[in-house]
Amino acid sequence: MGDWFDIGSRVLTASINPFGAELSSLRDGRGRQLMTNADPRFWSGRAPILFPIVGRLNDDVLWLDETSYRMEKHGFARRSMFDVAESSASHAVLRLINSARTMESYPFPFLLEIGFVVDDATLTMTAIIGNTGDAPMPVSFGWHPAFAWPLPGGAAREDHYIDFEVDEPAPLKGLNEAGLIAEDRATPVIGNRLALADALFECDALIWNPVTSQRLRYGSDTGPQLDIAFPDTPSLGIWTKPGARFVCIEPWHGTADSTGFGGDFREKPGVMMLEPGARHRVEMRVTVTG
């Protein structure tokens, strides 16, 4: 495991763990913790990086050219030690490249850089995904930060909500017990507001695929709120475990396999194809107000 280190400003401090390039703590100027308490009774994760897949594959198998590769849920980046390539008082860049271990499950040379910048009350997280090989590279990517629910200094847990940038009336994608995309679900969003409640998550995550909004606001009518922007990702997951004191807001480029999908990974909906030498940028911004 890596040693956490801090970056920040006068009003916002982020703690970064090189193991998984994970945002492990986010505190405002009053020292209030805006992220999960990582209670192991529910989930000990904090903000795993989802790469090179998002969600679960059928039988945890990735198929390429009729060859099978073992790939665990959400991929291997979250369980990998990143190198700290750059760091200062307010920014850091962490880097992962392919290794013999990664090539066993994902046979592509790659570069993955996760950047963090704190500017005043905004944390910007940027992923740079690079294809360093000589063949097109299929890949998915997702953010998975777990924010405190309730946020400290705000209203009660049951009074928290998420307001989308625009109305989101479309049905959601549902997951079955195996964690695969199954039938559609009616949306619990009324207009642009999702009123948070444990009952929403009894069948796992809420999945917008696609999501129309590129930003949302999370919080309550009192206390801090989080303005979250995700301009580069076409899908969104929101997840918790009933009773836990966190809610994950997860912009994705890709999703879990659909029930019965057994095709080549390149053919999976939501997978990006990067040409040799190409790089792709995926950003997420969190601004604290209140």
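Residues numbered from 1 in each chain as written. Predicted model: local features only at pLDDT ≥ 70, side-chain atom pairs only at ≥ 80, totals over all residues. Heavy atoms only, no water.

Examining the pairing of strand β20 (residues 235-239)
In terms of burial, β20 is a largely internal element, five of the five residues being buried. Residues S235, G237 and W239 point to one face of β20 and L236 and I238 to the other, with burial holding for every one of them. Examined bridge by bridge, strand β17 (residues 206-208) and β20 share three bridges and lie antiparallel to one another. When the sheet's bridge partners are listed, W208 is paired in β20 with L236. Once β20 ends, the chain turns through six residues before running back antiparallel as strand β21 (residues 246-253), passing G243 with a positive phi of about 95°. (Buried < 20%, exposed > 50% of the residue type's maximum accessible area, 1.4 Å probe, protein only. Helix = DSSP H or I, 4+ residues; strand = E, 2+ residues; numbered from the N terminus. Pairing = 2+ DSSP bridges.)

A look at the side chain of S220
With respect to the helices and strands, S220 occurs in the loop between β18 (215-219) and β19 (225-229). S220 gets classed as buried once you look at its relative accessible area, which sits at 1%. Within the structure, the side chain of S220 is placed 3.1 Å from the backbone nitrogen of A155, a separation counted as a polar contact. Only 2.7 Å separates the side chain of S220 from the backbone oxygen of T222, close enough to count as a polar contact. Apart from the residues lying within four places of it in its own chain, the contact partners of S220 are G154, A155, D159, H160, Y161 and Q225. (Polar contact = N/O pair within 3.5 Å; in protein donor to acceptor, adjacent residues only side chain to side chain. Contact = heavy atoms within 4.5 Å.)

Considerations on the pattern of salt bridges
Evaluation of the coordinates by the stated rule reveals 17 salt bridges. A salt bridge links R41 to D39; the nearest nitrogen and oxygen atoms lie 2.7 Å apart. Classification of R41 by relative accessible area gives exposed; the value is 68%. In this structure, E113 engages R95 in a salt bridge whose closest nitrogen and oxygen atoms are separated by 2.6 Å. (Salt bridge = Lys/Arg side-chain N within 4 Å of Asp/Glu carboxyl O.)

With respect to the side chain of H160
Along the chain, H160 turns up in the loop between β12 (146-148) and β13 (161-164). Each residue touching H160, except ones within four places of it in the same chain, is listed here: W149, P150, L151, A155, A195, L196, Y218, G219 and S220.

Points about the pairing of strand β2 (residues 12-17)
Counting buried residues along β2, five of its six residues qualify, which places the element largely inside the surrounding structure. Sheet topology places strand β1 (residues 5-8) next to β2; four bridges connect them, and they run antiparallel. Looking at the pairing, G8 lines up with T13 of β2. Hairpin connection from β1 to β2: three residues lie between these consecutive antiparallel strands. Hairpin geometry of β2 and strand β3 (residues 22-28) is characterised by an intervening segment of four residues between the two adjacent antiparallel strands and by a positive phi of about 85° at G20.

Overview of unusual backbone geometry
P150 follows W149 through a cis peptide bond whose omega is 10°. On the secondary structure map, P150 appears in the loop between β12 and β13. Note the cis peptide between N209 and P210, where omega equals 10°. Examined against the element boundaries, P210 turns out to sit in the loop between β17 and β18. Phi at D60 is positive, roughly 55°, even though this residue is not glycine. By the secondary structure assignment, D60 is in the loop between β3 and β4 (61-64). Look at D60 and you get buried, because its relative accessible area is 14%.

Things to note about the nonpolar core
Within the largest apolar cluster, 71 residues are counted, with the highest numbers of intra-cluster contacts made by L112, F141 and Y218. The greatest single-element share of this core, amounting to five residues, is contributed by strand β8 (residues 110-119). Setting aside anything within four residues of it in sequence, one finds L112 in contact with I49, F51, A77, F82, L94, R95, L96, I128, I129 and F141. Residues W43, L50, A205 and F246 belong to the second largest nonpolar core, which totals 14 residues. (Core = buried A, V, L, I, M, F, W, Y, C linked by side-chain atoms within 4.5 Å.)

Focus on the sheet that holds strand β16 (residues 193-195)
The sheet built from nine strands is open, its strands ordered β6-β7-β8-β9-β23-β19-β18-β13-β16 with antiparallel pairing. The strands lining the two open edges of the sheet, one partner per strand, are β6 (83-87) and β16. Neighbour-to-neighbour, the strand axes of this sheet turn through a mean angle of 15°, independent of strand direction. In this structure, β8 lies alongside strand β9 (residues 122-131), joined through 10 bridges in antiparallel fashion. If you follow L111 over to β9, its bridge partner there is G130. (Axes fitted to C-alpha atoms, helices over the stretch in contact; angles between N-to-C directions.)

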